[in-house]
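Architecture at a glance
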Amino acid sequence: MMNEKILEDFISIVGIKNVITNSKDLEKYNKDWRGFYNNKSLGILFPENSEILKKITKYCFEKNIKIVPQGGNTSLTGASVPTYNNQEIIINFSKMNKILEIDKSNLTVLVESGLILSDLKQYLDKENLYFPIDLSSSGSCMIGGNIATNAGGINALKYGSMKDNIIGIEIVTGEGKILSSLSKMKKNNTGYDLKSIICNSEGTLGLISKALLKIYPKPIDNFTFFSSYHDLGSCIKSFNEIRNLYYDKLESAELIPNLSFEVCIKNNFLKEHFFNNKMPFYVIYRLNLYENKDTFQNNFEKNFYLISNNIVDTIIPNSIEKENKIWQFRDNLVEAYKMEGKIITNDISIPLNKMEEFFNTAGNEIKKINSKIILHPFGHIGDGNIHYNMILPNTNSDDLYESLRDQIYHYINNLVEEFGGSFSAEHGIGQIKKKSLLKFKSKNEINLMKSLKKIFDPRNILNPGKIFDL
Ligand SMILES: Cc1cc2nc3c(=O)[nH]c(=O)nc-3n(C[C@H](O)[C@H](O)[C@H](O)COP(=O)(O)OP(=O)(O)OC[C@H]3O[C@@H](n4cnc5c(N)ncnc54)[C@H](O)[C@@H]3O)c2cc1C
């Protein structure tokens with residue numbers, strides 16, 4: 001419950017229509033996407049611009065009120081919901097959702113941080129422009145959330161993550177000061193780079209109010225093909241061949257195990273398997289074209305022998321509808337998989353040349369931990385980022401599930417380190433990976449991060465209990 005005087009003050013800052021304190025209406029904002037975390041917030045505020053955001057933060061700084069910044073609430077690490085019960089307010093950015101300026105000469109777009117990613121993409125599309133970041137959550141997640149998590153997604157292979165696609169930023173610090181670094185110049189080496197510090201800070205260093213993003217001319221067309229493989233080793237060899245041949249065009253390469261078709265069909269996200277001849281693994285590839293599609297396809301078919309060595313079968317969709325169906329299947333995978341009940345999720349990256357050995361080692365060891373676990377690894381194979389996920393059939397006991405989950409996280413994260421990978425490739429740390437951060441980052445690195453936090457947020461009011469505890 002929020003103190004009455006504080007509520008009155010908030011109402012005078014944001015207006016009555018921009019405050020929610022009713023516990024029923026707060027439910028969907030308090031709970032994270034997976035339903036792992038569900039602490040009560042004191043209330044939620046919806047600022048409509050940077051000035052109001054600044055006033056709220058200044059007030060919270062003075063009164064020592066903790067803030068959870070929230071975009072689309074699609075975080076998969078519990079980063080966008082309260083860490084504690086009845087101690088934090090949520091600031092939701094959905095009412096700061098304007099596109100402020102498109103600059104076709106410098107290829108930049110200035111937006112407010114609550115803009116939904118797919119809204120930006122659709123708007124630019126009509127202008128023959130392109131913003132490449134693409135996640136299965138694009139219809140809900142917001143630009144501020146994408147920056148705060150340094151989102152990756154299916155096109156990071158060609159275009160990099162959010163940090164590679166941002167040119168400038170405006171934030172409000174934990175003291176309520178606006179820092180604006182919105183120069184359009186890509187070459188701008190004027191001291192420390194604010195946007196790089198804020199990317200991936202998970203709402204702990206500043207509240208992002210505006211972002212200046214890099215945009216691209218829209219590719220003339222895209223070319224999708226979907227290949228099947230006998231084993232992971234063949235997938236990786238094949239990916240390398242395809243990348244070498246189509247390096248500048250290759251936008252996405254998504255690994256799909258056969259189980260994904262079964263999971264999507266079972267949960268009504270797909271009618272039937274795409275392939276007649278089932279194989280253990282598949283990869284969906286997408287190339288950006290800057291030439292006529294028919295001409296490209298003729299050349300592709302002519303040169304197919306150069307990349308066909310490791311491939312069993314390939315589908316080339318012959319209509320936009322069929323192409324969309326394939327990518328829709330990929331997008332639905334996370335939703336469909338969530339319906340399998342007790343799941344264990346990992347967001348790891350492994351160097352490509354070590355991935356097959358990692359899969360063999362991890363697969364064998366996990367079967368020893370619990371022989372009933374079903375492995376369901378999928379994801380962005382092109383940049384080594386795999387969601388090394390698992391399904392636990394018939395496990396009703398929460399205690400058993402949680403202890404197994406902890407045991408597996410511990411094992412996988414250690415193994416990832418041994419293989420020179422990362423235990424959090426694109427989802428961040430949030431609440432769920434705090435222990436691993438403490439284990440795998442050096443004390444010096446963590447101390448430096450904590451010092452930085454004190455400078456941006458001296459009273460620790462911004463997203464407390466995320467990334468690390470102070
Ligand atoms: C179905 C599904 C698929 C996904 N696929 C991918 C994927 O392929 N790649 C990927 O990287 N992620 C993926 N995600 C995770 C998630 O969508 C991303 O992390 C996304 O960037 C979060 O954006 P959001 O607006 O939902 O942020 P939220 O979940 O609301 O918040 C995420 C973090 O950002 C902070 N934050 C939000 N807005 C601001 C702001 N304005 N200022 C400061 N801090 C802020 C929050 O405090 C929190 O720490 C997926 C999630 C789902 C549910």
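These remarks concern the structure in this document. (Residues numbered from 1 in each chain as written. Predicted model: local features only at pLDDT ≥ 70, side-chain atom pairs only at ≥ 80, totals over all residues. Heavy atoms only, no water.)

1. As for the site of the ligand
With respect to spatial proximity, 36 residues lie near the ligand, and among them P69, G71, T74, S137 and M142 are the closest. Between the ligand and the protein, one listed contact pairs an oxygen atom with a backbone N or O atom of P69 at 2.6 Å. Between the ligand and the protein, one listed contact pairs an oxygen atom with a backbone N or O atom of M142 at 2.8 Å. Within the residue set of the shell around the ligand, elements represented by two or more residues are β3 (66–70), α5 (143–149) and β10 (207–214). (Near = heavy atom within 4 Å. Polar contact = N/O pair within 3.5 Å; in protein donor to acceptor, adjacent residues only side chain to side chain. Helix = DSSP H or I, 4+ residues; strand = E, 2+ residues; numbered from the N terminus.)

2. Notes on the side chain of S227
Locating S227 in the fold gives a position in strand β12 (residues 221–229). When its relative accessible area of 0% is taken as the criterion, S227 is described as buried. Looking at S227, its side chain comes within polar contact range of the side chain of T314, at 2.9 Å. Excluding anything up to four places from it in sequence, S227 contacts F275, F281, Y282, V283, Y285, I311, D313 and T314. (Buried < 20%, exposed > 50% of the residue type's maximum accessible area, 1.4 Å probe, protein only. Contact = heavy atoms within 4.5 Å.)

3. Observations regarding the packing of helix α9 (residues 258–266) against helix α11 (residues 320–338)
Here α9 crosses α11 at 70 degrees, and the two axes come no closer than 9 Å. Looking at the two axes, α9 sits roughly perpendicular to α11. The residues of α11 that touch α9, namely those facing S260, F261, V263 and C264, are F329, L333, A336 and Y337. Residue composition of the contact of α9 with α11, grouped by class: 7 nonpolar, 1 polar and no charged. (Axes fitted to C-alpha atoms, helices over the stretch in contact; angles between N-to-C directions. Parallel < 35°, antiparallel > 145°, perpendicular 65-115°, else oblique. Nonpolar A, V, L, I, M, F, W, Y, C, P; charged D, E, K, R; others polar.)

4. A closer look at the sheet that holds strand β8 (residues 166–172)
Working definition: the strands of a sheet are paired by backbone hydrogen bonds and lie parallel or antiparallel to each other. Taken together, 5 strands build an open sheet; the order of strands is β5-β6-β10-β8-β9 and the sheet is antiparallel. Unpaired on one side and paired on the other, β5 (99–103) and β9 (178–181) mark the two borders of the sheet. Adjacent strand axes in the sheet meet at a mean angle of 10 degrees when their direction is disregarded. In this sheet, β10 lies alongside strand β6 (residues 108–112) in antiparallel orientation, the contact comprising 5 bridges. Counterpart to T108 in the pairing with β10 is K214. Against the sheet, helix α4 (residues 117–126) touches β5, β6 and β10, its axis set at about 40 degrees to β5. (Pairing = 2+ DSSP bridges.)

5. Focus on α9
Among the residues of α9, N258, L259, S260, F261, V263 and C264 are the ones counted as buried. Considering only its buried residues, α9 is in contact with β12, β13 (250–257), β14 (281–289), α11, β18 (374–380) and β19 (385–391). Count one or two residues on from α9 and you reach N268, which has phi positive near 60 degrees.

6. Examining a nonpolar patch on the surface
A cluster of nonpolar side chains, contributed by L245, Y305 and L306, occupies part of the molecular surface with about 310 Å² of accessible area. Tracing the backbone shows L245 in helix α8 (residues 232–246). (Patch = residues over 30% accessible without salt bridge, like charges linked within 9 Å, V, L, I, M, F, W, Y side chains within 5 Å. Areas by Shrake-Rupley, 256 points an atom, 1.4 Å probe, with all protein chains shown as cover. Salt bridge = Lys/Arg side-chain N within 4 Å of Asp/Glu carboxyl O.)

7. Some remarks on the pairing of β8
Two faces, one strand: in a regular strand the side chains alternate between the faces of the sheet. The element β8 is largely enclosed, with a buried count of 7 among its 7 residues. Relative to β10, β8 runs antiparallel, the two sharing 6 bridges. Its bridge partner being in β10, I171 is matched across the sheet by I208. With 4 bridges connecting them, β8 and β9 associate as antiparallel partners. Note on β9: the bridge partner recorded for I169 is S181. Between the antiparallel neighbours β8 and β9 lie 5 residues, among them G176 with a positive phi of about 90 degrees.

8. Details of the sheet that holds strand β2 (residues 43–45)
In space, the 4 strands of this open sheet follow the order β1-β2-β4-β3, with mixed pairing throughout. A single partner strand is all that each edge strand has here, and the edge strands are β1 (19–20) and β3. Where β2 lies against strand β4 (residues 88–92), 3 bridges are found, and the strand directions are parallel. Bridge assignment links G43 to a residue of β4, and that residue is I89. Packed on one face of the sheet, helix α3 (residues 50–63) meets β2, β3 and β4 and runs near 170 degrees to β4.

9. Concerning the nonpolar core
One finds F358, I381, Y388 and I412 to be the most contacted residues of the largest nonpolar core, which totals 48 residues. At the level of elements, β12, α8, β13, β14, α10 (293–302), α12 (352–369), β19 and α13 (398–418) are the ones that each hand at least two residues to this core. Sort the elements by how many residues they give to this core and α13 lands first, with 8 residues. Split by domain, the residues of this core number at least three in each of domain 3 (221–338) and domain 4 (343–427). Once residues within four sequence positions are removed from consideration, Y388 is found in contact with I344, N346, I348, F358, F359, A362, G363, I366, L375, P377 and I412. (Core = buried A, V, L, I, M, F, W, Y, C linked by side-chain atoms within 4.5 Å. Domains from an automatic or database assignment.)

10. Digging into the pattern of salt bridges
For the coordinates displayed, the defined rule picks out 23 salt bridges. Ionic pairing is found between D103 and K184, a salt bridge with its closest N-O pair at 2.9 Å. A residue pair is termed long-range when its members are at least 10 positions apart, and D103 in strand β5 and K184 in the loop between β9 and α7 (194–198) qualify at 81 residues. We classify K184 as partly exposed; its relative accessible area is 24%. Across the salt bridge formed by E323 and K293, the nearest N and O atoms sit 3.1 Å from each other. With a gap of 30 residues between them, E323 in helix α11 and K293 in helix α10 connect regions that are remote in the sequence. Neither residue differs from the other here; E323 and K293 are each classed as buried. Each of E101, D103 and K184 takes part in a single network of salt bridges with overlapping partners.

Just geometry here; none of it tells us what the structure is for.
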